[in-house]
Amino acid sequence: MPKKEFTSFDIAAAVKELKGLVLESRVNNIYQFGPKTVLFKLHKIDQPPIRLVVEAGRRLHSTVYIEESPAEPPPFCMMLRQYLRGAWLVGLEQYEFERIIVLSFKTKTGLLRLIVELFGDGNFILINPENVII
């Protein structure tokens, strides 16, 4: 039977595995596939691109598969690009063993965090250094 969503244990394992792969990488671009799936195209010096898939409510993983991006990016994707393109991914944490992950990005304007709920319908929340929702 296929897995429908990640458990807290799955998230802990995924975060531990992904940290070494994605931390200290630069955000080249961001794509959105459907209402809840975001793909971060990341880059590290002298390494092939890393594709990090985050689907609110369901999953977090890297992939080598390349999907054709939508011709017109949705507004949420454009907002993420505005704030996070060119930023450095400096943190990937599971919040208190909950089904919540926090991605921390070092930008020119300070540290921005993207909080992703991996339960229920899921949600993406981008917050600034003062913990105000953008």
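Look up: the structure comes first, before these words.
Residues numbered from 1 in each chain as written. Predicted model: local features only at pLDDT ≥ 70, side-chain atom pairs only at ≥ 80, totals over all residues. Heavy atoms only, no water.

Enquirer: Outline the pattern of salt bridges, listing residues and values.
Expert: Counted according to the given criterion, the structure contains 3 salt bridges. A salt bridge links Lys19 to Glu93; the shortest N-O distance between them is 3.1 Å. In this pair, Lys19 is assigned in helix α1 (residues 8-22) and Glu93 in strand β5 (residues 88-94), connecting sequence segments 74 residues apart. Judged by its relative accessible area of 28%, Lys19 is partly exposed. Between Glu55 and Arg59 there is a salt bridge, with its nearest N and O atoms 2.5 Å apart. In this structure Arg59 comes out as partly exposed when scored by relative accessible area, which is 27%. Beyond isolated ion pairs, a larger network of salt bridges with shared partners links Glu55, Arg58 and Arg59. (Salt bridge = Lys/Arg side-chain N within 4 Å of Asp/Glu carboxyl O. Helix = DSSP H or I, 4+ residues; strand = E, 2+ residues; numbered from the N terminus. Buried < 20%, exposed > 50% of the residue type's maximum accessible area, 1.4 Å probe, protein only.)

Enquirer: How would you sum up the side chain of Gln94? Please name residues and give values.
Expert: Following the sequence through the fold, Gln94 ends up in strand β5. Exposure remark for Gln94: the relative accessible area of 17% places this residue in the buried category. Within the structure, Gln94 has its side chain in polar contact with the backbone oxygen of Ser8 (distance 3.1 Å). Beyond its immediate chain neighbours, meaning those up to four positions away, Gln94 contacts Ser8, Ile11, Ala12, Val15, Ile100 and Ile101. (Polar contact = N/O pair within 3.5 Å; in protein donor to acceptor, adjacent residues only side chain to side chain. Contact = heavy atoms within 4.5 Å.)

Enquirer: Which residues make up the packing of aromatic side chains, and what values do they have?
Expert: Aromatic ring pairs are described here by two measures, namely the spacing of the ring centres and the angle between the planes. As enumerated under the stated definition, the model contains 3 aromatic pairs in all. On the basis of an interplanar angle of 40° and a centroid distance of 5.5 Å, the ring pair of Phe76 and Phe124 is categorised as tilted. Taken together, the residues span a long stretch of sequence, with Phe76 in helix α2 (residues 75-84) and Phe124 in strand β8 (residues 123-127) at a distance of 48 residues. Assessed through its relative accessible area of 12%, Phe124 is described here as buried. (Phe/Tyr/Trp six-rings, centres within 6.5 Å; stacked < 30°, edge-to-face > 60°.)

Enquirer: Summarise the sheet that holds β8; cite the residues concerned and give the values.
Expert: Reading across the sheet, the 8 strands line up as β4-β3-β2-β1-β5-β6-β7-β8 and stay open at both edges, with antiparallel pairing between neighbours. At either end of the open sheet lies a strand with only one pairing partner, and these are β4 (59-63) and β8. Strand after strand, the sheet turns through a mean of 25° between neighbouring axes, direction not considered. The pairing of strand β2 (residues 37-43) with strand β3 (residues 50-55) spans 6 bridges and is antiparallel. Within the sheet, the bridge partner assigned to Leu42 lies in β3 and is Ile50. α1 contacts β1 (25-33), β2, β3, β4, β5 and β6 (100-107) of the sheet and is inclined by roughly 160° relative to β5. Where α2 meets the sheet, its contacts fall on β1, β2, β6, β7 (110-117) and β8, and the angle it forms with β1 comes to roughly 170°. (Pairing = 2+ DSSP bridges. Axes fitted to C-alpha atoms, helices over the stretch in contact; angles between N-to-C directions.)

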